[in-house]
Amino acid sequence: GAAEVVNCDMARGAIKIGQRNHELNGLKSARFLSHDIMKSWGKLKKLGPYGYGLIIVDPPSYQKGSFIARKDYAKIIRRLPTLLRPGGRTLLCLNAPELDTHFLKSLVESHAPELQFVERLENPDTFPALDQERSLKVLLYELSCSVQ
């Protein structure tokens with residue numbers, strides 16, 4: 001498991017749920033930041049000076065005034081290579097029926113080509129979908145070890 005976890009979400013409710021989940025699972029080494037990630041890159045870099053081994057990106061597909069996946073997801077993807085350590089992985093999650101797998105893959109190819117596609121994770125049976133492209137998409141990428 002991870003030596004330390006950093007949770008960043010501007011929604012205080014999401015932070016409280018994360019804190020409770022960590023508590024229930026007996027996990028003690030976690031930090032919870034109630035911050036707008038778009039304004040917190042420096043803080044995240046400082047908290048992970050050697051790079052993160054895993055980053056999970058799971059933004060809302062649309063949150064008026066703060067995040068719109070179609071225009072803002074690229075801003076996060078662009079920063080990932082500077083936050084991950086070589087060989088580090090990222091899970092890119094997107095639950096927007098109007099945006100397909102190709103949308104995420106093309107953003108990575110354009111804004112973070114040093115990330116290599118590993119696989120799309122299957123949705124659990126508790127999250128059924130008639131159309132995989134209109135359902136939750138979870139893509140796993142890895143940062144090339146040659147990137148410094």
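Being a predicted model, the structure only gives us computed values, none of them experimental. (Residues numbered from 1 in each chain as written. Predicted model: local features only at pLDDT ≥ 70, side-chain atom pairs only at ≥ 80, totals over all residues. Heavy atoms only, no water.)

(A) The nonpolar core, seen in detail. Counting 28 residues, the largest nonpolar core has Y73, I77, L92, L94, L104 and L115 as the members making the most contacts within it. Listing elements by their share of this core, those giving two or more residues are α2 (41-47), β3 (52-57), α3 (69-83), β6 (84-94), α4 (101-111) and β8 (137-143). Residue contributions to this core peak at seven residues, all from α3. Look past the residues within four positions of I77 in its chain and what remains in contact with it is L92, L104, L107, V108, H111 and A112. With five residues, the next largest nonpolar core counts C93, L136, V138 and L140 among its residues. (Core = buried A, V, L, I, M, F, W, Y, C linked by side-chain atoms within 4.5 Å. Buried < 20%, exposed > 50% of the residue type's maximum accessible area, 1.4 Å probe, protein only. Helix = DSSP H or I, 4+ residues; strand = E, 2+ residues; numbered from the N terminus. Contact = heavy atoms within 4.5 Å.)

(B) Looking closely at the pattern of salt bridges. According to the stated counting rule, one finds six salt bridges in the structure shown. In this structure, the salt-bridge partner of E4 is R31, at a minimum N-O distance of 2.6 Å. With E4 in the segment before β1 (5-8) and R31 in strand β2 (residues 30-33), the pair connects residues that are 27 residues apart, well separated along the chain. (Salt bridge = Lys/Arg side-chain N within 4 Å of Asp/Glu carboxyl O.)

(C) Up close: the side chain of S135. Locating S135 in the fold gives a position in the loop between β7 (115-120) and β8. Sequence-distant contacts of S135, that is, excluding residues within four places in its chain, are made with L94, N95, R120, N123 and A129.

(D) Representation of the state of the cysteines. For the structure on display, the rule yields zero disulfides. We note that C93 lacks a disulfide partner, and the nearest cysteine sulfur, in C8, lies 15 Å from it. Judged by its relative accessible area of 9%, C93 is buried. (Disulfide = S-S within 2.5 Å.)

(E) Structural view of the packing of aromatic side chains. Across all of its chains, the model carries two aromatic pairs by this definition. With 5.5 Å between their ring centres and 70 degrees between their planes, F117 and Y141 make a pair best called edge-to-face. Of the two residues, F117 sits in strand β7 while Y141 sits in strand β8, which places them 24 residues apart along the sequence. For Y141, a relative accessible area of 3% gives the class buried. Taking the ring centre of F117 as reference, the NZ or CZ of K105 above it sits at 4.1 Å. (Phe/Tyr/Trp six-rings, centres within 6.5 Å; stacked < 30°, edge-to-face > 60°. Lys NZ or Arg CZ within 6 Å of the ring centre and 35° of its normal.)

(F) Main features of the environment of E114. When you line up the elements, E114 lands in the loop between α4 and β7. It is 6.0 Å that separates the C-alpha atoms of E114 and L143, two residues lying 29 residues apart in sequence.

(G) Layout of the packing of α3 against α4. Their axes nearest at 9 Å, the elements α3 and α4 cross at an angle of 45 degrees. Our classification of the angle between α3 and α4 gives oblique. Two packed elements cross with a definite hand, and for α3 against α4 that hand is right-handed. Along its contact with α3, which presents A69, R70, Y73, A74, I77 and R78, the element α4 presents F103, L104, L107, V108 and H111. (Axes fitted to C-alpha atoms, helices over the stretch in contact; angles between N-to-C directions. Parallel < 35°, antiparallel > 145°, perpendicular 65-115°, else oblique. Left-handed = near helix turned anticlockwise from the far one by under 90°.)

(H) A look at the sheet that holds β3. Within the open sheet, the four strands sit side by side as β3-β6-β8-β7. Their pairing is mixed. A strand with exactly one partner marks an edge of an open sheet, and here the two such strands are β3 and β7. Across this sheet, the average inter-strand angle for adjacent strands is 20 degrees, counted without regard to direction. Here five bridges tie β7 to β8, and the two strands are oriented antiparallel to one another. Looking across to β8, one finds that R120 is bridged to L139. (Pairing = 2+ DSSP bridges.)

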